[in-house]
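Okay, here's what each chain looks like letter by letter:
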Amino acid sequence: MFGSIKFLTNLNILIINKNSLKRIPGLLIISLLIFSACKPTRYVPDNEYLLSKNKLVTSEKKKIEKKELKVSLQQQPNNRILGIRLQLGLYNLSDIEKDEGIHNWLRKVGEPPVIFRKPESARSVNQLKSYLDTKGYFDADIHDTVIYSGKKAVAEYDIEMNRPYRIGKVKFMIDDEIIRPYVLRDSAKSELVTGELYELVKVDNERGRIEHLLKNEGFYWFRKDYILFEADSSKQKGIIDFTVHVRAKEVRLANNQIVEVSFRKFRIGKIYFFIDYDPAEALKDPNNYYRMLDTIPYKGFYFIQSGKKTNLHYDVILEANYIYTKDFYNQTNVEQTRMHLSGLTVIRHVDVLFTQVDNLHPADTSTGTLDCSVQIVPNKLQSYSIEVEGTNSSGNLGASLNLLYQHRNLFKRAEVLNLKLNTSYEALPKETKGFGSMQEYGAEAQIVFPRFLFPFLKKEDFVKKYNPKTNLFNAYNYQSRPEYERTMFVSGFGYNWLGNKYVSHIVTPIDMNVIKLPYIDSSFIRHIDTTSYLAYSYKNTFIAGLSYSFIYTNRKMRKDRNYYYFRLNLSTAGNLVSLLDNTFSESVPGTGNEVFGIEYSQFVKGDIDMIYNTYINEANSIVYRAFFGAGLPYGNSRALPFEKQYYTGGANDIRAWPVRSLGPGSHVPESTTFYNQMADMKINFNLEYRFKIIWVLEGALFIDAGNIWAINKADTRPGARFQFGSFVSDMAVGSGVGTRFDFSFFLFRLDFGFKMRDPQIQEGSRWVVANPGYNLSQMTFHLAIGYPF
């Protein structure tokens, strides 16, 4: 046993080996690492050079970004983090002559020096030329130069882009008379447009367009390989004329003679659904596996399954199917069927296969027949998981526990039941009255139906194109704080569907909340009674509203791409209740009217969340975020309900402040006992630089800015109101550093935030980072799961 180990404030790092425990100051380790990184040529052999930098000098700065060109370079220098080659530094800390212990580990997590190779530079020139050709810069001139300095080399590539080529005349030559009218009829949608810049991707897209067009018309065996492009740039300098040549199909007859024949159209024959397909068993012993299956005819289809009873109703599969007997083969319908079936949580994987069942002569142009086999690999029916999260806001330690359960086929029609039980605890400062902690308990239930529930929304074309879902949800939450207790019951239903591969929509026509505060501490009452607006926010309330969300993102599975995320949320509440109340009761129009003995809220609210992630290289990226939101009470309400107001601070916001401790505006609360600063409006900006360090460890540097404000005249808190001409002076600014542990299936995050500009301090001294006595120890520390945005 090593005995107890104490964590010291001067960042001591413990190195444990067989013989001893050595305590080394963390500053020394960091110094060694930086020193090694600053001596990158330690293991560069004699007469060789470390590739220090690739430098691109181009004459065209707008059409092609340099980072696109750098991908073509055959050698990339060692990764840098904030200008320092940390991974190379780790490698250099090792003893290259030793293969055991920490030396081997340092070389594994580090990065060896990249030695400059002249042949690789020549290949880079060729690759750059090939890439520029794909962009239409066929006349580009590229010269490479190597600048040596000591043991380092800088590879410089001077690129003269010259004038790019454009697309000239485009004509079609179709050998097959059967497919000719289909191609010519759709030629107006060609990707090759006269006058536009030439790019190779446009040629590939045109080939794909024609293939998809013909496959949608029933020509199952047509492939893009039958499409050739003849380019002619001899008629006019900088102009390429294209002939799109669609060849006829070539077949080899029994006598080995190769002849050209026309493509045939195909109709769908029998359709088989393997609803509990086991690919492992099918590969191990296919004859025995298929012999043991049962075939059940149903509504003109054939369902094939093992002897055990299926948990999924056949109609669910047919609702997601768009392939029908006697229809011509259609590639889009195949893709829609695969997508809709894969979208059912109860299904893990789907394959759609076709088999030609006729055996006609190759020259026969009569319509053929394809049998379809849809192989459905089922998912596990039920699952559960446990989530544990630790938090630390301004020294207030806390933890939350979530128990999650999911049933993926509740009523045998692919309905998904999600149940969640959650509890959380946070220790509050000793000076806080009452319990000295915040406790929260909750339960949630949600059922997701893979269809629209109501008949007027069952239009087949809409369902086929957008794959809609219906959500029913209920939730109960109890929160106990020293200043109040609160209960909230939520119930409603909504729809969500896909607009296209980038866009999704969420509509919640019924969203009801019943919020009650059975206990409010007397000192907190005195605190909120300083303004009637604040006091009104903490009343029992009934919210009956509707909401809409528009979401756009072009984020894909590949991480080496920039992406955008945009979300618009709009919501309103109380209008229908107010109409019914004023129509069927003796209520007086105005504020304070009740239904079921609870005052109902009336408001409108909207916000926008925008994120842009810019990819630098595999080790570095920068993420930008902007958020704007505002809500306005009217009619029966004097203030937004507490739950609908905005707050700032915390692990996903302005991280230099604890959650709900900042704002509104420059307002300074009379008591620091209660961190519950809320308001009607919010503006927030974030910038985060993310970089990989070693293994699962990532780092981050960030700057956050923003605040919340009151926009209702009834809010009389000093300094809280939003003023267009002076709101910038109310902006808080924080910065910090963070570490992330990325384990693929989840990411654990620690962020340290430092105040730079505090709007709660008097004018002239708000840039606290420049004030005498500024202490970095006054930081806010956050533990969280996942990235902040």
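Residues numbered from 1 in each chain as written. Predicted model: local features only at pLDDT ≥ 70, side-chain atom pairs only at ≥ 80, totals over all residues. Heavy atoms only, no water.

### Focus on the environment of T145
- Along the chain, the position of T145 falls in strand β4 (residues 141-149).
- For the pair T145 and Y157, spaced 12 residues apart in the sequence, the C-alpha separation amounts to 6.4 Å.
- Sequence-distant contacts of T145, defined by excluding residues within four places in its chain, comprise V154, A155 and E156. (Helix = DSSP H or I, 4+ residues; strand = E, 2+ residues; numbered from the N terminus. Contact = heavy atoms within 4.5 Å.)

### Quick word on the side chain of D609
- Looking at the element boundaries, D609 is found in strand β27 (residues 603-617).
- At 3.1 Å, the side chain of D609 forms a polar contact with the side chain of R625.
- Those residues within four positions of D609 in sequence are excluded, and the remaining contacts are Y565, F566, R567, R625, A626 and F627. (Polar contact = N/O pair within 3.5 Å; in protein donor to acceptor, adjacent residues only side chain to side chain.)

### So, the nonpolar core
- Core analysis: the largest hydrophobic core is formed by 29 residues, its most contacted members being F273, L341 and F354.
- Mapped onto this core, the elements with two or more residues apiece are β11 (266-274), β13 (301-305), α10 (314-319), α11 (331-342), β14 (347-356) and β15 (368-378).
- If sequence neighbours within four positions are ignored, L341 has contacts with I317, A320, I347, V350, V374 and I376.
- One finds I174, Y198, F219 and I240 within the second-largest nonpolar core, a separate group that totals 21 residues. (Core = buried A, V, L, I, M, F, W, Y, C linked by side-chain atoms within 4.5 Å. Buried < 20%, exposed > 50% of the residue type's maximum accessible area, 1.4 Å probe, protein only.)

### Quick notes on the pairing of strand β31 (residues 732-742)
- With 8 of its 11 residues buried, β31 lies for the most part within the structure.
- Bridge analysis of strand β30 (residues 697-709) against β31 gives 10 bridges, and the strand direction is antiparallel. From the neighbouring strand, G699 faces β31, where its bridge partner is T739.
- By the bridge criterion, 10 bridges tie β31 to strand β32 (residues 747-757) in an arrangement that is antiparallel. Looking at the pairing, T739 lines up with L750 of β32.
- Remark: 4 residues form the turn of the hairpin made by β31 and β32, two consecutive strands paired antiparallel; S744 in that turn has positive phi of roughly 70°. (Pairing = 2+ DSSP bridges.)

### Quick word on the pairing of β13
- Most of β13 sits out of view: 4 of its 5 residues are buried.
- The pairing of β11 with β13 spans 3 bridges and is parallel. Within β13, the position partnered with F274 by the bridge is I304.
- In this structure, strand β12 (residues 294-298) lies alongside β13, joined through 5 bridges in antiparallel fashion. Within β13, the residue paired with T295 across the bridge is I304.
- Hairpin remark: β12 followed by β13, antiparallel, with 2 residues in the connecting loop; positive phi at K299, about 55°.

### Looking at the sheet that holds strand β3 (residues 50-58)
- If you trace the 3 strands from one edge of the open sheet to the other, you get β3-β5-β4, paired in mixed fashion. Each having just a single partner strand, β3 and β4 make up the two edges of the open sheet. Adjacent strand axes in the sheet meet at a mean angle of 20° when their direction is disregarded.
- Here β4 pairs with strand β5 (residues 152-160) via 9 bridges, running antiparallel. Bridged to H143 within β5 is D158.
- Helix-sheet contacts for helix α5 (residues 118-134) involve β3, β4 and β5, and the interaxial angle to β4 is about 150°. (Axes fitted to C-alpha atoms, helices over the stretch in contact; angles between N-to-C directions.)

### A closer look at the packing of aromatic side chains
- Scanning the entire structure with this criterion turns up 45 aromatic pairs.
- An angle of 35° between the planes, with centres 5.1 Å apart, marks the rings of F722 and F727 as tilted. Take F722 and F727: they sit in the same class, and that class is buried.
- Clustering of aromatic rings is evident, with ring pairs tying together F273, Y298, F301, F303, Y314 and Y324.
- When the ring centre of Y647 is taken as reference, the NZ or CZ atom of R660 above it lies at 4.3 Å.
- Residue placement shows R690 over the ring face of Y787; its charged tip is 4.2 Å from the ring centre. (Phe/Tyr/Trp six-rings, centres within 6.5 Å; stacked < 30°, edge-to-face > 60°. Lys NZ or Arg CZ within 6 Å of the ring centre and 35° of its normal.)

### Quick look at the side chain of T487
- Residue placement: T487 occurs in strand β21 (residues 484-498).
- Ignoring anything within four residues of it in the chain, the contact list for T487 reads Y476, N477, Y478, V514, I515, K516 and P518.

### Looking at the sheet that holds β13
- With respect to topology, 5 strands assemble into an open sheet ordered β12-β13-β11-β15-β14, the strand pairing being mixed. Each having just a single partner strand, β12 and β14 make up the two edges of the open sheet. Put simply, the sheet's adjacent strands are angled 25° from each other on average, direction ignored.

### Focus on helix α7 (residues 200-216)
- If you check α7, its first and last C-alpha atoms are 25 Å apart, about what 17 residues at 1.5 Å a residue would give, namely 24 Å.
- Contact partners of the buried residues in α7: β6 (166-174), α6 (180-185), β7 (227-232), β8 (239-246) and α11.
- Two residues or fewer past α7, G218 is found with a positive phi of approximately 105°. (Expected span 1.5 Å × (residues − 1).)

### Some remarks on a positive patch on the surface
- A cluster of basic residues, K53, K66, K70 and R80, forms a positive patch at the surface.
- Mapped onto the elements, K66 comes out in helix α2 (residues 66-70).
- With a relative accessible area of 42%, K66 lands in the partly exposed category. (Patch = residues over 30% accessible without salt bridge, like charges linked within 9 Å, V, L, I, M, F, W, Y side chains within 5 Å. Areas by Shrake-Rupley, 256 points an atom, 1.4 Å probe, with all protein chains shown as cover. Salt bridge = Lys/Arg side-chain N within 4 Å of Asp/Glu carboxyl O. Lys, Arg positive; Asp, Glu negative; His and termini not counted. Charge placed at Lys NZ, Arg CZ, Asp CG, Glu CD.)

### Remarks on the environment of Q331
- In this fold, Q331 is placed in helix α11.
- Under the relative-accessibility criterion, Q331 is labelled buried at 16%.
- For Q331, the contacting residues outside a window of four places in its chain are H212, K215 and N216.

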